[in-house]
2 protein chains.
Amino acid sequence: MYYIGVDLGGTSIKVGIVSEKGDIIAKTSSTTPVEKGFEGVAAKIKELINKVMVESKIDKENIAAIGIGIPGACSKEGFVYFATNLFWKDVALGEKLQVLTGLKVYVENDATVAAVAEYIKGVTKGKKNSIFLTLGTGLGGGFIINHEIYSGSHGIGTEIGHVVIGENFYDCNCGNNGCFETFVSATAIIKYCKKLLAEEKDKGLIYNRINGNLDNLNAKIIFDCAKEGDHLALKVVDRMVHYLAIGLANLINLFDPDIIAIGGGVAEAGDVFLKKLKAEVKKYIYVKCMNVTEIALATLKNDAGMIGSGMYAKLNLEKE
Amino acid sequence: MYYIGVDLGGTSIKVGIVSEKGDIIAKTSSTTPVEKGFEGVAAKIKELINKVMVESKIDKENIAAIGIGIPGACSKEGFVYFATNLFWKDVALGEKLQVLTGLKVYVENDATVAAVAEYIKGVTKGKKNSIFLTLGTGLGGGFIINHEIYSGSHGIGTEIGHVVIGENFYDCNCGNNGCFETFVSATAIIKYCKKLLAEEKDKGLIYNRINGNLDNLNAKIIFDCAKEGDHLALKVVDRMVHYLAIGLANLINLFDPDIIAIGGGVAEAGDVFLKKLKAEVKKYIYVKCMNVTEIALATLKNDAGMIGSGMYAKLNLEKE
């Protein structure tokens, strides 16, 4: 049997047919028609599912279930409480897709399904307890506990990005101050870099690289300049690493997992900071004689969403 | 069959015979001979076990196993990495007691065994996912996840007290700044109160209550004065509640448990702050439309350690 894995994001929808082992057999994608609202996006998902089935010549009888990873929080039944980038609030996505496709549908947070992908085929494969972090515009997370997907008693756990870990110079979108993601996400790095560019006289390499236009600033430019030894860029990266270390040590002190995997866009600059990060994490681990949790970069990149959604459907179906 | 539950603390050792259902059949206790070191304390535990067995007329054949809750971190095999208040480092407590008694011995962190007690007989009874916090001199914690005791991949998790949640005016004993326990433990409250007494002109009720001697200050006096409306005491309690709310919301955003139970000495002043606390936690929950995790005071008080240790032994024995 095969599974359909849907990676639903604010920018694009990716749909893949995934084998029992987690291999992508066929895939297709489209931009997300956010402006068409819930009904429009659901219809587009349906269309992409049909397309990939026709192209791959795998028909409905060979599809066991559909899994969808969403950029938001939802119940185990696929009721989406909110998905900020899609402007969704309280929509029954699971039910809707079930009606549209006639197939069983499972919905989960995108970071949780990516955690599943890494557990099945990636860097956390087969580990008893693992945490997956996705470092991009925001910071998401997924937990595997005792070889099982963990999302809490009501499906709203693993919001790693909104754990308060300090005091910051700006508030989080969620309304709180000091959220983990406001120190380490791409958004956070850019904000802090802009602050330094406004405050410091010697604006180093970055200011030239963006032609003096702050709108051109992105995380990649900052990491590239840090690689070249630029003092301002290094200051930004060092602060990010400092808080990332505090956040990871918090997770280690709480969960003591076998491994923490870091994925997402920012992680692709991982070689710049991974060594620094590991050294910094050690400082904050409570049981210092036991530096046992591995910290590694995620391996599945862009396919993690589709693989993870498909495998999430498989794991749930098997449990029923 | 019966179980022996040992509650090993820096001040006292309590030993109880616990029934299959978690009832204490007989108990005894003694001060902890910390000055006699590991061997001396182990011998004292053995002596207390013998005493309670003789007194209750329950002999070795009817004891299935021994459980010990320790104020420190240890492996699943009962190897204690450290127990600060006992001045222990790397001692094989499980093995030692097994040799001394001829019975199977299970060792766990004291907060984890108290979490087990609450899960078997207390306020978290039968809940799928729960967190137990013990608020005393420090801040400890224990997790039940998916109806099972969770202490991490290497037995060093659930160190809730050492999760960094902000910036504080003094460093934690562990060497870090901003640890959860430095904001909310009895030690933390007393430190902050002393700071206010030194800084503020109007020293309110507290200064009289302690006869101007800071050595007389304790958490109970602060809570009592807060109950009477004293402004300085209220400032201390409000700050504690603020950070306790951040720490609890962090746990909810991560774990989304059914319930969080608060035990320990400070919790006995719970009625002063529980209502305030619940209102404050709401502010920091990420999925605000879902205020679903119950927050409650633990119910087993002083017996939790013995019951929990005994039941910890039972649950482990059943799994083998």
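Residues numbered from 1 in each chain as written. Chains lettered and ligands numbered in written order. Predicted model: local features only at pLDDT ≥ 70, side-chain atom pairs only at ≥ 80, totals over all residues. Heavy atoms only, no water.

Engineer: Got a minute to help me understand the relation of the copies chain A and chain B in this structure?
Structural biologist: Placing chain A over chain B gives an RMSD of 0.0 Å and needs a rotation angle of 180 degrees, together with 0.0 Å of translation along the axis. Here the symmetry operator amounts to a two-fold rotation axis. Here 100% of the contact residues of chain A are again contact residues in chain B; the copies associate through an equivalent surface. (Least-squares fit on C-alpha atoms with pLDDT ≥ 70 in both. Contact = heavy atoms within 4.5 Å.)

Engineer: Would you mind showing me how to read the interface of chain A and chain B here?
Structural biologist: Often, the extent of an interface is quoted as the loss of accessible area upon association of its parts. Listed per partner, the contact involves 47 residues of chain A and 47 residues of chain B. The contact between chain A and chain B buries some 4,100 Å² in all, and 60% of this surface belongs to carbon and sulfur atoms. Its largest share of buried area at the contact with chain B, chain A owes to Leu254, Asp256 and Tyr286 of chain A, together 18% of the area lost on that side. Applying the counting criterion to the chain A and chain B interface returns zero salt bridges. (Buried area = accessible area lost by both parts, 1.4 Å probe. Salt bridge = Lys/Arg side-chain N within 4 Å of Asp/Glu carboxyl O.)

Engineer: When you look at the pattern of salt bridges in this model, what are you seeing that I'm missing?
Structural biologist: Two side chains that carry opposite charge are able to pair once their charged atoms sit near each other. Applying the stated criterion to the full structure yields 35 salt bridges over all chains. A salt bridge links glutamate 228 of chain A to arginine 209 of chain A; the shortest N-O distance between them is 3.2 Å. Of this pair, glutamate 228 of chain A sits in the loop between helix H7 (219-227) and helix H8 (231-255) while arginine 209 of chain A sits in helix H6 (residues 204-209); the two residues are 19 residues apart in sequence, bridging distant segments of the chain. Taking the relative accessible area as the measure of exposure, arginine 209 of chain A reaches 37% and is therefore partly exposed. Where glutamate 39 of chain B meets lysine 96 of chain B, a salt bridge forms, and the shortest distance between an N and an O atom there is 2.7 Å. Within this pair, whereas glutamate 39 of chain B is found in helix H1 (residues 37-56), its partner lysine 96 of chain B is found in helix H2 (residues 93-101), the two being separated by 57 residues in sequence. Relative accessible area serves as the criterion here: at 48%, glutamate 39 of chain B is assigned to the partly exposed category. Within the structure, one salt-bridge network assembled from shared partners comprises Glu20, Lys314 and Glu318 of chain A. (Helix = DSSP H or I, 4+ residues; strand = E, 2+ residues; numbered from the N terminus. Buried < 20%, exposed > 50% of the residue type's maximum accessible area, 1.4 Å probe, protein only.)

Engineer: I would appreciate a short explanation of the packing of aromatic side chains in the present structure.
Structural biologist: The relative placement of two aromatic rings is captured by the distance of their centres and the angle of their planes. Evaluated as defined, the whole model comprises 19 aromatic pairs over all chains. Centre to centre, the rings of phenylalanine 183 of chain A and tyrosine 243 of chain A are 3.9 Å apart; their planes meet at 15 degrees, and the pair counts as stacked. Of this pair, phenylalanine 183 of chain A sits in helix H4 (residues 181-184) while tyrosine 243 of chain A sits in helix H8, and the two are 60 residues apart along the sequence. Judged by its relative accessible area of 2%, phenylalanine 183 of chain A falls in the buried class. Ring pairs connect the aromatic residues Phe143, Tyr150 and Phe255 of chain A together with Phe143, Tyr150 and Phe255 of chain B, which therefore count as one cluster. Cation over ring: lysine 191 of chain B sits above tyrosine 170 of chain B, and NZ or CZ is 4.9 Å from the ring centre. Sitting over the face of the ring of phenylalanine 169 of chain B, lysine 195 of chain B holds its NZ or CZ atom 4.9 Å from the ring centroid. (Phe/Tyr/Trp six-rings, centres within 6.5 Å; stacked < 30°, edge-to-face > 60°. Lys NZ or Arg CZ within 6 Å of the ring centre and 35° of its normal.)

Engineer: What should I look at first to understand the sheet that holds strand E2 (residues 12-18) of chain B in this one?
Structural biologist: Either a parallel or an antiparallel arrangement is found when strands of a sheet pair, and the pairing is made through backbone hydrogen bonds. Residues and elements named next belong to chain B. Overall, mixed pairing links the five strands, which are arranged E3-E2-E1-E4-E8 in an open sheet. Of all strands in the sheet, those with a lone pairing partner are strand E3 (24-31) and strand E8 (105-109), marking the two edges. Going from strand to strand, the sheet's axes swing by 15 degrees on average, the running direction of each strand aside. The pairing of strand E1 (residues 2-8) with E2 spans six bridges and is antiparallel. Note on E2: the bridge partner recorded for glycine 5 is glycine 16. In this fold H2 packs onto E1, strand E4 (63-70) and E8, with an angle of close to 150 degrees to the strand it touches most, E8. Against the sheet, helix H3 (residues 110-121) engages E4 and E8, with an angle of about 100 degrees to E8. (Pairing = 2+ DSSP bridges. Axes fitted to C-alpha atoms, helices over the stretch in contact; angles between N-to-C directions.)

Engineer: Looking at this model, I keep getting lost on unusual backbone geometry. Mind explaining?
Structural biologist: Within the chain, asparagine 211 of chain A stands out as a residue other than glycine whose phi angle is a positive 55 degrees. By the secondary structure assignment, asparagine 211 of chain A is in the loop between H6 and H7. Notably, threonine 158 of chain B is not glycine yet its phi reads approximately 55 degrees, a positive angle. Mapped onto the secondary structure, threonine 158 of chain B falls in the loop between strand E11 (148-150) and helix H4 (181-184). Given the relative accessible area of 3%, threonine 158 of chain B is considered buried.

Engineer: Honestly, the packing of H3 of chain B against helix H10 (residues 304-319) of chain B in this entry has me stumped. Any pointers?
Structural biologist: Any two packed helices are characterised by the angle at which their axes cross and by the distance between the axes. Residues and elements named next belong to chain B. It is at 7 Å that the axes of H3 and H10 come closest, and there the two elements cross at 85 degrees. On the basis of their axis angle, the class for H3 and H10 is roughly perpendicular. Residues Val113, Ala114, Val116, Ala117, Ile120 and Lys121 of H3 lie in contact with H10, whose contacting residues are Ala304, Gly305, Ile307, Gly308, Ser309, Met311, Tyr312 and Leu315. Tallied by class, the residues present in the contact of H3 with H10 amount to 10 nonpolar, three polar and one charged. (Parallel < 35°, antiparallel > 145°, perpendicular 65-115°, else oblique. Nonpolar A, V, L, I, M, F, W, Y, C, P; charged D, E, K, R; others polar.)

Engineer: Even after reading the chapter, I still don't get the pairing of strand E13 (residues 294-297) of chain A, so can you show me in this structure?
Structural biologist: In regular strands, side chains alternate between the two faces of the sheet. All names here are of chain A. Direction of pairing for strand E12 (residues 259-263) relative to E13: parallel, over a ladder of four bridges. Bridging from a neighbouring strand, isoleucine 262 pairs with leucine 297 of E13. In the classification by handedness, the crossover that spans E12, the intervening helix H9 (residues 270-284) and the parallel E13 is right-handed. (Right-handed = clockwise from strand over helix to strand, strands pointing away.)

Interpretation in functional terms is not warranted from these geometric data alone.
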